[in-house]
Amino acid sequence: MTLKFCSLASGSSGNCQYIGSKDTKLLVDAGLTGKYIKSALSSIDIDIRDIDGLLITHEHSDHIKGAGVLMRSFDIPLYVKDTTWEAMQSKIGSTKGKDIRIFSDYDEFFIGDISVKPYSISHDACDPIGFSFINEDTKISITTDLGCINQEIIEQIKDSDLLVIEANHDEEMVKIGKYPWFLKKRILSEMGHLSNEAAGNVVAEVVEKGNVSYVVLAHLSKENNFTELAYETVKNIVEDRKIRVGLDINLDLTYRDRISRVYNIRK
Ligand SMILES: [Zn+2]
Ligand SMILES: [Zn+2]
């Protein structure tokens, strides 16, 4: 079966990812305007009115600021963890009478023909999660906004056909950059974001342990990273571990202000 993936945008100015099967169309996060999301979807031939669900990873504004608009204007059901809903509901305007599906654990659930598996990650939000999406034997995982990785996450994502993983910053750029110290500390902490180097190590580990084919680097910092630097750092780390980019894995990027490549993962 086929799962389709496209990042509509990714970074601290806004995140929204599209995942679709033959029968089900989903968005992960809506940290952009409704207008942008609608037009980005139509550029890949998806009508926003056909979206079956919006899933939220955590309550930071770069992940939720368009959520209320999508619910009100296009009647898109919201899928959100109970604790995250508590933290976000006052920030997205009226959702009275809207379809809100709250879950309170990490159990797998279905939306149409896509199985959704949430998993806990470490980030300075109240209850941040990543998601895996499975349609028959095809799997996509989205793992951004996390300060560190652990074996549970590795086990969850290692057999993904396509893995979206955060490569947020270059540690040296953060240290010498102009951010105030408290912000530098936050970014570099275990509750912050993954560096390019950390992302490279995650990619190497999951490719060695599992069978990831497509790796898509996401949530690159505007201030503390460059697309080439993120790409080359991850590439060098995995190639040092004898994983050939372009042969063993495909390595790609997402962008802050435009859509990524469209992936059709087939098995
Ligand atoms: Zn974010
Ligand atoms: Zn965040």
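Summarised in this report is the structure supplied together with it.

### A few points about the coordination of the zinc ion (ligand 1)
Piece 1. Every protein donor of the zinc ion (ligand 1) is accounted for by D62 (OD), H63 (NE2), D145 (OD) and H219 (NE2), and the metal-donor separations fall at 2.1 to 2.2 Å.
Piece 2. One can describe the donor arrangement at the zinc ion (ligand 1) as irregular, given that its 4 donor atoms subtend angles of 93 to 163 degrees at the metal.
Piece 3. All donors of the zinc ion (ligand 1) belong to a single chain; written as a sequence motif, their spacing is D-H-x81-D-x73-H.
Piece 4. Separating the zinc ion (ligand 1) and the zinc ion (ligand 2) is a distance of 3.4 Å, and D145 donates to both of them.

### Things to note about the side chain of T144
Piece 1. Here T144 lies in the loop between β10 (138-143) and α5 (151-157).
Piece 2. In terms of polar contacts, T144 uses its side chain to reach the side chain of D145, at 2.9 Å.
Piece 3. For T144, the residues in contact, after removing those within four places along its chain, are H63, I121, V164, E166, A218 and H219.

### Brief notes about the pairing of strand β13 (residues 250-253)
Piece 1. Pairing between strand β12 (residues 214-218) and β13: 4 bridges, direction parallel. Across the sheet, V215 pairs through a bridge with L251, a residue of β13.
Piece 2. Regarding the hand of the β-α-β motif, the stretch spanning β12, helix α9 (residues 227-240) and β13 is right-handed.

### So, the packing of aromatic side chains
Piece 1. Following the criterion strictly, the structure yields 5 aromatic pairs and no others.
Piece 2. For the pair F5 and Y263, a centre-to-centre distance of 6.1 Å together with 40 degrees between the ring planes defines the contact as tilted. A residue pair is termed long-range when its members are at least 10 positions apart, and F5 in strand β1 (residues 2-9) and Y263 in strand β14 (residues 263-266) qualify at 258 residues. Across the pair, Y263 and F5 agree in class, each one buried.

### As for the coordination of the zinc ion (ligand 2)
Piece 1. Looking at the zinc ion (ligand 2), one finds its protein donor set to be H58 (NE2), H60 (ND1), H123 (NE2) and D145 (OD), positioned 2.2 to 2.5 Å from the metal centre.
Piece 2. One way to put it: the 4 donor atoms around the zinc ion (ligand 2) meet at angles of 91 to 171 degrees, and that makes the site irregular.
Piece 3. Of note, the zinc ion (ligand 2) draws all its donor residues from one chain, in the sequence arrangement H-x1-H-x62-H-x21-D.

### Remarks on unusual backbone geometry
Piece 1. Positive phi, close to 70 degrees, is recorded for D29, a residue that is not glycine.
Piece 2. Looking at the element boundaries, D29 is found in the loop between β3 (25-28) and α1 (34-43).
Piece 3. Phi is positive for D45, which is not a glycine, with a value near 65 degrees.
Piece 4. Relative to the helices and strands, D45 is located in the loop between α1 and β4 (53-55).

### Structural notes on the layout of surface pockets
Piece 1. For the largest pocket, the calculated volume is near 220 Å³.
Piece 2. Forming the boundary of the largest pocket are 16 residues, of which S12, N168, R186, H193 and H219 lie nearest the centre.
Piece 3. Counting residues per element, the lining of the largest pocket draws most heavily on helix α7 (residues 181-188), at 3 residues.
Piece 4. Looking at the lining of the largest pocket residue by residue, the classes come out as 3 nonpolar, 8 polar and 5 charged.

### Structural notes on the side chain of D145
Piece 1. Mapped onto the secondary structure, D145 falls in the loop between β10 and α5.
Piece 2. Here D145 is buried and forms no salt bridge, its nearest opposite-charge partner R186 lying at an N-O distance of 5.8 Å.
Piece 3. Side chain to side chain, D145 and H63 meet in a polar contact 3.2 Å long.
Piece 4. Reaching out from D145, the side chain makes a polar contact with the side chain of H219 at a distance of 3.2 Å.
Piece 5. Ignoring anything within four residues of it in the chain, the contact list for D145 reads H58, D62, H63, I121, S122, H123, E166, G192, H193 and H219.

### Thoughts on the pairing of strand β8 (residues 114-120)
Each regular strand carries side chains that alternate between the two faces of the sheet.
Piece 1. The element β8 is largely enclosed, with a buried count of 5 among its 7 residues.
Piece 2. Direction of pairing for strand β7 (residues 109-111) relative to β8: antiparallel, over a ladder of 3 bridges. Bridge pairing links I111 to I114 in β8.
Piece 3. Taking the residues that link successive antiparallel strands as the turn, the β7-β8 hairpin has 2 residues, and the phi of G112 there is positive, at about 55 degrees.
Piece 4. Bridge analysis of β8 against strand β9 (residues 129-135) gives 6 bridges, and the strand direction is antiparallel. Each bridged residue has a counterpart across the sheet, and for S120 the counterpart in β9 is I129.

Conventions and cut-offs
- Residues numbered from 1 in each chain as written.
- Chains lettered and ligands numbered in written order.
- Predicted model: local features only at pLDDT ≥ 70, side-chain atom pairs only at ≥ 80, totals over all residues.
- Heavy atoms only, no water.
- Donors = N, O, S within 2.8 Å, 3.2 Å for Na, K, Ca; no water.
- Tetrahedral: all angles 85-135°; square planar, octahedral: opposite > 155°, others 65-115°.
- Helix = DSSP H or I, 4+ residues; strand = E, 2+ residues; numbered from the N terminus.
- Polar contact = N/O pair within 3.5 Å; in protein donor to acceptor, adjacent residues only side chain to side chain.
- Contact = heavy atoms within 4.5 Å.
- Pairing = 2+ DSSP bridges.
- Right-handed = clockwise from strand over helix to strand, strands pointing away.
- Phe/Tyr/Trp six-rings, centres within 6.5 Å; stacked < 30°, edge-to-face > 60°.
- Buried < 20%, exposed > 50% of the residue type's maximum accessible area, 1.4 Å probe, protein only.
- 1 Å grid on protein atoms, 1.4 Å probe; cavity = no way out; pocket = protein on both sides within 12 Å on 5 of 7 lines; lining within 4 Å.
- Points joined across faces, edges and corners; volume = space filled by probe spheres on them.
- Nonpolar A, V, L, I, M, F, W, Y, C, P; charged D, E, K, R; others polar.
- Lys, Arg positive; Asp, Glu negative; His and termini not counted.
- Salt bridge = Lys/Arg side-chain N within 4 Å of Asp/Glu carboxyl O.

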